[in-house]
Amino acid sequence: SFAGVDVFHNPHNLLPRGIPCASVVTVHDVMALEYPRLHLRGLERLSKSYYYPQAIWRALRHATRLIAPSRATADRICALHPAAASRLTVIPSTADAVFQLPEDRAAAQERAALLLGSDAPFLLVVGANPPRKRHDLELAAFTEAVPGPWLLVFVHPPNAGARPPGAAILPRGKTPRAQVPHCHA
């Protein structure tokens, strides 16, 4: 029941049908609309491929307000549905206070080199690691497009996906410069 509810907020892309009050939807990405073949896999794809795009379109068209966590996401929303621009606000996600520039940059670089076993520059991927995140595509793109000596480093919390921490995702026939250190986000 929505009795006494003034505003409904969905923090993850979708606007359900029949919301009888003002609504705010945070749209993190529009991948389901732009690249549906990449969005979901397996049973999740079967169960969500019909509802999910409709609910995102409903949010873009009908939410009272939309929030995007980046200008890039806002630009994609406006490219798909220009009328959303007047209802759209960019509110960047905030990092925990622990994420700040190190006082001693040289010491931080030394620590990173120790963890990685290399002092090469690296691109860092932090977050969950279930198959739906499609890190296999990220790794393949990195392998093809990024020159050495750059590394691609995946860091994810324990139990954050189908693969355990420290398990690399390697496409067949490739030997990418990728490492997954035994550390957790």
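Every value quoted in this text rests on a predicted model; they were computed, and no experiment measured them. (Residues numbered from 1 in each chain as written. Predicted model: local features only at pLDDT ≥ 70, side-chain atom pairs only at ≥ 80, totals over all residues. Heavy atoms only, no water.)

Undergrad: Got a minute to help me understand the overall build of the protein in this structure?
TA: Scanning the protein from N- to C-terminus turns up seven helices and seven strands. Each helix and strand of the protein, ordered N terminal to C terminal, gives the series β-β-α-α-α-α-β-α-β-α-β-α-β-β. Taking contacts inside the protein between residues at least 6 apart in sequence as the whole, the part at least 24 apart equals 56%. For the protein, the accessible area works out to roughly 11,700 Å², and carbon and sulfur atoms hold 57% of it. (Helix = DSSP H or I, 4+ residues; strand = E, 2+ residues; numbered from the N terminus. Contact = heavy atoms within 4.5 Å. Areas by Shrake-Rupley, 256 points an atom, 1.4 Å probe, with all protein chains shown as cover.)

Undergrad: Just checking my understanding: could you explain the pattern of salt bridges for this structure?
TA: Where charged atoms from two side chains of opposite charge come close, those side chains can pair. Considering all chains together, one arrives at two salt bridges under this definition. The partner of Glu-34 in a salt bridge is Arg-76, with the nearest N and O atoms 2.3 Å apart. A residue pair is termed long-range when its members are at least 10 positions apart, and Glu-34 in helix α1 (residues 31–34) and Arg-76 in helix α5 (residues 71–80) qualify at 42 residues. A relative accessible area of 38% means that Arg-76 is categorised as partly exposed. One salt bridge in this structure joins Arg-71 and Asp-75, with 3.1 Å as the shortest N-O distance. With Arg-71 and Asp-75 both in helix α5 and four residues apart, the pair spans about one turn of that helix. (Salt bridge = Lys/Arg side-chain N within 4 Å of Asp/Glu carboxyl O. Buried < 20%, exposed > 50% of the residue type's maximum accessible area, 1.4 Å probe, protein only.)

Undergrad: Can you walk me through the pairing of strand β2 (residues 22–26) in this structure?
TA: Along any regular strand, the residues point their side chains to alternate faces of the sheet. The buried fraction of β2 amounts to four of the five residues, a majority that puts the element mostly inside the structure. Here four bridges tie strand β1 (residues 7–10) to β2, and the two strands are oriented parallel to one another. Within β2, the residue paired with His-9 across the bridge is Val-24. (Pairing = 2+ DSSP bridges.)

Undergrad: Before we go on, may I ask you to explain a nonpolar patch on the surface in this structure?
TA: Where nonpolar side chains cluster on the molecular surface, the patch consists of Phe-122, Leu-124 and Val-126 and spans about 260 Å² of accessible area. Among the secondary structure elements, Phe-122 is positioned in strand β5 (residues 122–126). Overall, the relative accessible area of 33% leaves Phe-122 in the partly exposed class. (Patch = residues over 30% accessible without salt bridge, like charges linked within 9 Å, V, L, I, M, F, W, Y side chains within 5 Å.)

Undergrad: Even after reading the chapter, I still don't get the nonpolar core, so can you show me in this structure?
TA: What tends to happen in soluble globular proteins is that the nonpolar side chains get buried as a cluster. Formed by 22 residues in total, the largest nonpolar core has its most connected members in Val-25, Val-27, Ile-56, Leu-60, Leu-66, Ile-77 and Leu-88. Elements represented by at least two residues in this core include exactly α1, α4 (51–62), β3 (65–68) and α5. By residue number, the principal contributor to this core is α4, which donates five residues. Residue contacts for Ile-56: discarding those within four places in its chain leaves Asn-13, Leu-14, Ala-32 and Leu-33. (Core = buried A, V, L, I, M, F, W, Y, C linked by side-chain atoms within 4.5 Å.)

Undergrad: When you look at unusual backbone geometry in this model, what are you seeing that I'm missing?
TA: Glycine aside, residues mostly have negative phi angles, and peptide bonds mostly take the trans form. Backbone geometry places Asn-13, a non-glycine residue, at a positive phi of 70°. By the element assignment, Asn-13 lies in the loop between β1 and β2. The class of Asn-13 is buried, set by a relative accessible area of 1%.

Undergrad: Would you mind going over the sheet that holds strand β4 (residues 88–90) with me for this structure?
TA: Note on sheets: strands pair through backbone hydrogen bonds, and any given pair is parallel or antiparallel. Reading across the sheet, the four strands line up as β1-β2-β3-β4 and stay open at both edges, with parallel pairing between neighbours. Strand pairing shows two members of the sheet lacking a second neighbour, β1 and β4, which therefore form its edges. Put simply, the sheet's adjacent strands are angled 20° from each other on average, direction ignored. As defined by bridge partners, β3 adjoins β4 across three bridges and the pair is classed as parallel. Considered in β4, the bridge of Leu-66 is made with Leu-88. Contacts from α5 reach β3 and β4 within the one sheet, and its direction differs from that of β4 by about 160°. (Axes fitted to C-alpha atoms, helices over the stretch in contact; angles between N-to-C directions.)

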